Amino acid sequence: MNLVRYLGAIALGQVLSGAPSGELHLTRLLELDGVVLDVGMGDVTGDGRSDVVLLRLDAVELYQFEDSQAELSVRYRLSHLPQERIRTREARGRLVVEDFNRDGRAEIFYRVLHRRPGEVLAWTGTDLRAVRNIERVPLCVIRMASRPLVLFGQAEPGTNYFMPAPELCDINEPHGRSVEITSPFWDLRCLQPEGAEAPWMLWVDRQARLHRGESDEPLEPELLSGVGMTPADLDGDGQPEYVLSAPVWPGQADAVRVHITPESSWTSRDIVGSIRAMAAEGGRRGAARVLLLSCERAAERCRIYLLER
């Protein structure tokens, strides 16, 4: 079965239709020392409010999040995980925060690429505990006919890319169906709001071109992205906007862009450092929020921004 057909073969004009109402706001949420690899958002504790989750080289951190304020709640250390012999050119990791089993609490899927293996973490009521090991890199959770499947990628040795043909798997099976992406890609993000029959899936190739679903043809008109991107329904109209970092030369100021229609977009350059990753609030009904992770490589200092309407 071809996933892009399952997605309903949504036309580009439909996906990008509808101008947003109101203004977008970018707020600095956290300022942190040390390297952060990825960021996610979801209701991990089951209290009805979204939590902020950060993946570091040596820990997963859970922050309670309310009224645009975030406070560290739990740090799950990764010292028990062995080092992987094969490393990427830079330290990379991947974080997926999703209510996989629909129990009202989101699980945390993570993998630091130079550690072996990754894990799935669940909330115990007071702390995070590992409930499963995972060998590959989690990209997103997709529900097909109400059945949760995990899209796993494989890091390309010696580069900062993922290998072609990620696999859509039952979490209890070692292998699944290959997704028809035939070239290495930098990143892949998807979003499937509660009740939606199909996810929105975007990925970025080596040439910084944006793709939708399994298509190896870049979006037309051609959209380019830096290393951070995600689909997000920022205006709550049921259709995604594309949140993209600007592809910039080293040393240039980074920026975040919200692509609404080919004629309409929103841009902010109020970013310190280089955008490393983005994540939309998964499963939320109505207008979504997006977290942006930016880091200053020389200073090893990172910031988390919140983009919302």
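About the thresholds
- Residues numbered from 1 in each chain as written.
- Predicted model: local features only at pLDDT ≥ 70, side-chain atom pairs only at ≥ 80, totals over all residues.
- Heavy atoms only, no water.
- Salt bridge = Lys/Arg side-chain N within 4 Å of Asp/Glu carboxyl O.
- Helix = DSSP H or I, 4+ residues; strand = E, 2+ residues; numbered from the N terminus.
- Buried < 20%, exposed > 50% of the residue type's maximum accessible area, 1.4 Å probe, protein only.
- Pairing = 2+ DSSP bridges.
- Axes fitted to C-alpha atoms, helices over the stretch in contact; angles between N-to-C directions.
- Patch = residues over 30% accessible without salt bridge, like charges linked within 9 Å, V, L, I, M, F, W, Y side chains within 5 Å.
- Areas by Shrake-Rupley, 256 points an atom, 1.4 Å probe, with all protein chains shown as cover.
- Lys, Arg positive; Asp, Glu negative; His and termini not counted.
- Charge placed at Lys NZ, Arg CZ, Asp CG, Glu CD.
- 1 Å grid on protein atoms, 1.4 Å probe; cavity = no way out; pocket = protein on both sides within 12 Å on 5 of 7 lines; lining within 4 Å.
- Points joined across faces, edges and corners; volume = space filled by probe spheres on them.
- Contact = heavy atoms within 4.5 Å.
- Polar contact = N/O pair within 3.5 Å; in protein donor to acceptor, adjacent residues only side chain to side chain.
- Disulfide = S-S within 2.5 Å.

Visitor: Can you help me understand the pattern of salt bridges in this one?
Guide: In total, this model carries 24 salt bridges according to the counting rule given. Where Asp170 meets Arg147, a salt bridge forms, and the shortest distance between an N and an O atom there is 3.3 Å. Separated by 23 residues along the polypeptide, Asp170 in the loop between strand 12 (167-169) and strand 13 (177-178) and Arg147 in strand 11 (residues 147-153) bring together distant segments of the chain. A salt bridge links Arg289 to Glu281, with the nearest nitrogen and oxygen atoms 2.9 Å apart. Both residues of the pair, Arg289 and Glu281, count as buried.

Visitor: Is there a simple way to explain the sheet that holds strand 1 (residues 25-33) in this structure?
Guide: Strands pair in a sheet through their backbones, by hydrogen bonds, and they do so in one of two ways: parallel or antiparallel. One open sheet accounts for four strands, arranged 1-23-22-21; its pairing is antiparallel. Edge positions in the sheet fall to strand 1 and strand 21 (274-280), since each of these pairs with one other strand and no more. Averaged over all neighbouring strand pairs, the angle between strand axes comes to 20 degrees, with direction disregarded. The pairing of strand 21 with strand 22 (residues 290-296) spans six bridges and is antiparallel. Following the sheet pairing, Ile275 is matched in strand 22 by Ser294.

Visitor: Explain the pairing of strand 4 (residues 59-66) to me, please; I cannot follow it from the model alone.
Guide: The side chains of a regular strand alternate, residue by residue, between the two faces of the sheet. For strand 4, the tally of buried residues reaches six of eight residues, placing the bulk of the element in the interior. Across five bridges, strand 3 (residues 51-56) lies against strand 4 in antiparallel orientation. Along strand 4, the bridge assignment pairs Leu55 with Val60. Counted along the chain from strand 3 to the antiparallel partner strand 4, the turn is two residues long. Inspection of the sheet shows strand 4 paired to strand 5 (residues 69-77) by eight bridges, in the antiparallel sense. Paired with Tyr63 across the strands is Leu72, a residue of strand 5. Here strand 4 folds back onto strand 5, and the loop between the two strands holds two residues, one of which, Asp67, carries a positive phi near 55 degrees.

Visitor: How should I be thinking about a negative patch on the surface in this particular structure?
Guide: A cluster of acidic residues, Glu180, Asp216, Glu217, Glu220 and Glu222, forms a negative patch on the protein surface. Given a relative accessible area of 43%, Glu222 falls into the partly exposed group.

Visitor: For this particular structure, what's the right way to read the environment of Ala145?
Guide: Inspection of the secondary structure assignment puts Ala145 in the loop between strand 10 (137-144) and strand 11. Taking the relative accessible area as the measure of exposure, Ala145 reaches 73% and is therefore exposed. Separated by 52 residues in sequence, Ala145 and Glu197 place their C-alpha atoms 7.6 Å apart.

Visitor: Please explain the layout of surface pockets as it appears in this structure.
Guide: Where empty space is left in the structure can be found by rolling a water-sized probe over the atoms. The space that makes up the largest pocket amounts to roughly 1,200 Å³. Tallying contributions element by element places strand 21 first for the lining of the largest pocket, with four residues.

Visitor: For this particular structure, what's the right way to read the environment of Thr182?
Guide: When you line up the elements, Thr182 lands in the loop between strand 13 and strand 14 (185-191). Sequence separation between Thr182 and Asp216 is 34 residues, and the spatial gap between their C-alpha atoms is 7.0 Å. Setting aside residues up to four positions removed in sequence, Thr182 forms contacts with Pro164 and Asp216. Within the structure, Thr182 has its side chain in polar contact with the side chain of Asp216 (distance 2.7 Å).

Visitor: What should I look at first to understand the state of the cysteines in this one?
Guide: As used in these notes, a disulfide is a covalent bond between sulfur atoms, one from each of two cysteines. Under the criterion given, the structure shown has two disulfides. Here Cys140 is linked by a disulfide to Cys190, with a sulfur-sulfur distance of 2.2 Å. Judged by the sign of its S-S torsion, about 135 degrees, the cystine formed by Cys140 and Cys190 is right-handed. One end of the pair, Cys140, is in strand 10; the other, Cys190, is in strand 14, and 50 residues separate them in sequence. Residue classification places Cys140 among the buried residues on the basis of a relative accessible area of 3%. The partner cysteine of Cys295 in its disulfide is Cys302, sulfur to sulfur 2.1 Å. Since a negative S-S torsion denotes a left-handed disulfide, the Cys295-Cys302 link at about 105 degrees is right-handed. An identical accessibility class is assigned to Cys295 and Cys302; each is buried. With cysteine numbering restricted to those in disulfides and following the sequence, the protein chain has the pairing 1-2, 3-4.

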